[in-house]
Amino acid sequence: MSDSTLWWLLVGAAVALELFTGTFYLLMLAVGMVAAALAAHAGAGLSAQLIVAAVVGSAAVFGWHLIKRRRPSDPSVRAMRSVNLDVGEVIQIEEWRPDGSATVKYRGAQWTVIQRPGNPPTPGAYRVAELVGNRLLVEKA
């Protein structure tokens, strides 16, 4: 069996394993194996093929990691109005406690309210941004 055939079989195995595990990084390593298979087709020796597979696969993994890190993350499910109907509702806060929390009556019950870090605790109207456990996280309306 030729070296290129072996590399193509390894590519197929990596793609199949990725389908079972859902690890996208295996596809990046498969890209490195494709590069090694192409190097084998070009007549490179085994050590050159291994170096090409390692360099291209590692570069693809590192590149994908950088792309994924720079992309903004998805908003928290707790902050989605389609999941939690309290998000977006306006509540009136009369007084903040020294620890930065407040208590309000909302939907017929007492709720503990906290606000996003970095905002001064002033009385007034606030919009519910998300639910954190059993507390309402608010921002100035």
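The text that follows walks through the structure, step by step, so that each part is easy to find.

Reading the values: the criteria
Residues numbered from 1 in each chain as written. Predicted model: local features only at pLDDT ≥ 70, side-chain atom pairs only at ≥ 80, totals over all residues. Heavy atoms only, no water. Helix = DSSP H or I, 4+ residues; strand = E, 2+ residues; numbered from the N terminus. Rg over C-alpha atoms; globule rule 2.2 N^0.38 Å. Buried < 20%, exposed > 50% of the residue type's maximum accessible area, 1.4 Å probe, protein only. Contact = heavy atoms within 4.5 Å. Areas by Shrake-Rupley, 256 points an atom, 1.4 Å probe, with all protein chains shown as cover. Polar contact = N/O pair within 3.5 Å; in protein donor to acceptor, adjacent residues only side chain to side chain. Pairing = 2+ DSSP bridges. Axes fitted to C-alpha atoms, helices over the stretch in contact; angles between N-to-C directions.

### Description of the overall build of the protein chain
From N to C terminus, the protein chain includes 3 helices and 5 strands. Each helix (α) and strand (β) of the protein chain, taken in turn from the N terminus, gives the series α-α-α-β-β-β-β-β. Taken over the C-alpha trace, the protein chain has a radius of gyration of 27 Å; the compact-globule value for 141 residues is 14 Å, which it surpasses by more than 25%. Principal axes of the C-alpha set define a box for the protein chain whose edges measure 80 × 25 × 20 Å. For the protein chain, the proportion of its 141 residues judged to be buried stands at 30%. Considering only contacts in the protein chain between residues 6 or more positions apart, those separated by 24 or more positions represent 42%. When the accessible surface of the protein chain is summed, it comes to about 9100 Å², and 64% of that surface belongs to carbon and sulfur atoms.

### A short note on the side chain of Asp-86
Structurally, Asp-86 is set in the loop between helix H3 (46-70) and strand E1 (90-93). For Asp-86, a relative accessible area of 7% puts it in the buried group. At 2.9 Å, the side chain of Asp-86 and the side chain of Tyr-106 are in polar contact. At a separation of 3.0 Å, a polar atom in the side chain of Asp-86 contacts the side chain of Arg-107. When sequence neighbours within four positions are dropped, the list of residues in contact with Asp-86 reads Arg-81, Tyr-106, Arg-107, Val-128 and Leu-131.

### Let's talk about the sheet that holds strand E4 (residues 124-132)
Across the sheet, which stays open at both edges, the 5 strands sit in the order E1-E4-E5-E3-E2 with mixed pairing between neighbours. Either end of the sheet is taken by a strand with one partner, and the two such strands are E1 and strand E2 (101-106). Taken over all neighbouring pairs, the strand axes of this sheet differ in orientation by 50° on average, direction set aside.

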